[in-house]
Each structure stands twice: as C-alpha cells, then as structure tokens.
Amino acid sequence: MGKYDQEQKAVLDCAKWLSEHGYFGGFRGSGGNISVKVANQNIIAITPSGRPYWDMSIGDISVMDFELKPVEAKHAPSKEAGMHVAIYQHRSDVQAVVHTHQTYASIFSIINLSIPALFDEIANEIGALIEIVPYAISGSAELAQNVAGRLGNQCLCYILQNHGALSLGATIDQAWKNTELLEKAAQVYYHALLTGREISQLPKETIDYFNKMRESK
Ligand SMILES: [Zn+2]
C-alpha cells in the first residue's frame, strides 16, 4: 500500500467513470483532469498528462505539491495542475476538482452564456449562477488566474469559455455528482432555450434560502 493510495484510487475511479460516460470528449476520451487534495497537506493526487484513462492503474495517478513538484509520480501531471492548485489555494471548502469537456456545458462555453439555477437541486448543490470564466489557452497561468478571479462567488461549478467545465466539491463524490448535475442543467436549459418560450426562473426567495443553507454547511 502506498502512502497516497486512497487519494489516487479516488481520482482514478472518478476519471474512468467520467471517461466511459463521455465527459472527456468521447467514450474513451481523456480531455479533462481530476484531482483530490490530501487532507491538511499542500499535496494533491492528479491525473497525468495526455494518457488514456481506460487502462490506467492507481500508480499512474501523479502526486505533487503546490509548487508542482512531484511527490510520487511516474508521469508528468496534467498540464492544468496549476489551475487545480489555484482553486485549492483560494477555496478552503474545496477538496476535489473535476475538469471535463462535457458536451452540453461546452455549448454554453461557446455561446458565452451563464446557467442560472433553475431547479432547487442546482441552487442547493451548486449555487445561484454557473458563471463563465474568460478564455485563456489550456494549461496557462492566465487560465488559472481567470479561474481564481471567479471563485469568490462560492459556486461549485464554472464554465470555461471556449473550453469546458469545472466542478468542485468538499469530497470527490460531491465534485463528481456536481459534474453530472451541471450536465443535466446545461442539457435541460439548452433544450428549453430552443423552444423559444420564456424560461421560468426560481423565485428570489428560493435562491436566498438555498444560499443561506449552503453558507451554513
Ligand atoms: Zn480542458
């Protein structure tokens, strides 16, 4: 048993499931990356760069510190590792980060449209508004800065302009669940917009209620 087996296994299980379910730009895709923070340490387990997930084992998941130095790593970490670290540095409530190229959320990334919470479950689990993070090229320090600039709204999902999606959680299970919830919200909103009918919004009192519930968690 390795020292970080638990975190590496959590990352691998989530990566394989999301890959098999098409969240990484194809049913065997690897367009995305996942990390889990080691409790009380500035260390993360993160998917490696540019490798398929379907035949990966626990030891292929990279473990590195916040300076991006390898702790236990057979492969180079994801090129988005700096973005993951920036999130952990700005949000102490976040212990897991999932970045995907999921289809319906990606539609909103190119029409540059935020997704409001239109169902109680979104307001409760994710936040009042899933905002767009301004574009910067993948893997750049500028993208990490742009993400950090949006984290103050305490939301658990974001859309990266012309790129993909980000889902956060206090646990990997929560970040994983939010990834699915975001895709459901994006899919339903997209189809609702196509009808041309007015979109029914949640009452402001409902949004305020769930904001207070989330703050007290
Ligand atoms: Zn990406």
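From a predicted model like this one, the values you see are computed outputs, not experimental measurements. (Residues numbered from 1 in each chain as written. Predicted model: local features only at pLDDT ≥ 70, side-chain atom pairs only at ≥ 80, totals over all residues. Heavy atoms only, no water.)

K.L.:
Sorry, what's going on with the packing of helix H1 (residues 5–20) against helix H6 (residues 172–194) here?
P.N.:
The axes of two packed helices give the description: the angle between them and the distance between them. Packing of H1 against H6 leaves a shortest axis separation of 10 Å and a crossing angle of 15°. The orientation of H1 with respect to H6, classified from their angle, is roughly parallel. Crossing hand, H1 versus H6: right-handed. Contacts from Ala10, Asp13, Cys14, Trp17 and Leu18 of H1 reach H6 at Ile172, Trp176, Thr179 and Glu180. The residue makeup of the contact of H1 with H6, split by class, is six nonpolar, one polar and two charged. (Axes fitted to C-alpha atoms, helices over the stretch in contact; angles between N-to-C directions. Helix = DSSP H or I, 4+ residues; strand = E, 2+ residues; numbered from the N terminus. Parallel < 35°, antiparallel > 145°, perpendicular 65-115°, else oblique. Left-handed = near helix turned anticlockwise from the far one by under 90°. Contact = heavy atoms within 4.5 Å. Nonpolar A, V, L, I, M, F, W, Y, C, P; charged D, E, K, R; others polar.)

K.L.:
Honestly, the coordination of the zinc ion in this entry has me stumped. Any pointers?
P.N.:
Put simply, a metal with four donors set out as a tetrahedron has ideal angles of 109.5 degrees, and one with six donors set out as an octahedron has ideal angles of 90 or 180 degrees. The protein atoms that coordinate the zinc ion are His99 (NE2), His101 (NE2) and His163 (NE2), at distances spanning 2.0 to 2.1 Å. Here the donor residues of the zinc ion are spaced in sequence according to H-x1-H-x61-H. With His101 in the loop between strand S5 (96–100) and helix H3 (103–111) and His163 in the loop between strand S9 (157–160) and strand S10 (164–169), the pair connects residues that are 62 residues apart, well separated along the chain. Residue class for His163 comes out buried when judged on its relative accessible area of 14%. (Donors = N, O, S within 2.8 Å, 3.2 Å for Na, K, Ca; no water. Buried < 20%, exposed > 50% of the residue type's maximum accessible area, 1.4 Å probe, protein only.)

K.L.:
For this particular structure, what's the right way to read the packing of aromatic side chains?
P.N.:
Taken as a whole, this structure holds seven aromatic pairs when the rule is applied. Residue placement shows Lys184 over the ring face of Phe119; its charged tip is 4.0 Å from the ring centre. (Phe/Tyr/Trp six-rings, centres within 6.5 Å; stacked < 30°, edge-to-face > 60°. Lys NZ or Arg CZ within 6 Å of the ring centre and 35° of its normal.)

K.L.:
Even after reading the chapter, I still don't get a nonpolar patch on the surface, so can you show me in this structure?
P.N.:
On the surface, Ile110, Ile111, Leu113 and Leu193 cluster together into a nonpolar patch covering about 340 Å² of accessible area. Mapped onto the elements, Leu193 comes out in helix H6. A residue is classified by how much of its surface remains accessible, and Leu193, at 34% relative accessible area, is partly exposed. (Patch = residues over 30% accessible without salt bridge, like charges linked within 9 Å, V, L, I, M, F, W, Y side chains within 5 Å. Areas by Shrake-Rupley, 256 points an atom, 1.4 Å probe, with all protein chains shown as cover. Salt bridge = Lys/Arg side-chain N within 4 Å of Asp/Glu carboxyl O.)

K.L.:
In this structure, what is going on with the nonpolar core? I would like to understand it.
P.N.:
Across soluble globular proteins, nonpolar side chains have a tendency to be buried as a group. Counting 48 residues, the largest nonpolar core has Met83, Ile87, Ile115, Ile130, Val147, Leu166 and Leu168 as the members making the most contacts within it. Per element, the largest residue contribution to this core is six residues, and it comes from helix H2 (residues 81–90). Excluding residues within four positions of it along the chain, Leu166 makes contact with Met83, Ile87, Val97, Val98, His99, Val147, Leu156, Cys157, Tyr158 and Leu160. With 23 residues, the next largest nonpolar core counts Ile34, Ala45, Met56 and Ala175 among its residues. (Core = buried A, V, L, I, M, F, W, Y, C linked by side-chain atoms within 4.5 Å.)

K.L.:
Explain the side chain of Asp65 to me, please; I cannot follow it from the model alone.
P.N.:
If you trace the backbone, Asp65 turns up in strand S3 (residues 62–65). Within the structure, Asp65 has its side chain in polar contact with the backbone nitrogen of Glu67 (distance 2.9 Å). A polar contact of 2.9 Å, which involves the side chain of Asp65, links it to the backbone nitrogen of Lys69. (Polar contact = N/O pair within 3.5 Å; in protein donor to acceptor, adjacent residues only side chain to side chain.)

K.L.:
Just checking my understanding: could you explain the environment of Ser140 for this structure?
P.N.:
Along the polypeptide, Ser140 turns up in the loop between strand S8 (132–133) and helix H5 (141–148). Classification of Ser140 as buried rests on a relative accessible area of 18%. Taking the C-alpha atoms as reference, Ser140 lies 8.3 Å from Met83; in sequence the two are 57 residues apart. Separated by 2.7 Å, the side chain of Ser140 and the backbone oxygen of Ile137 make a polar contact.

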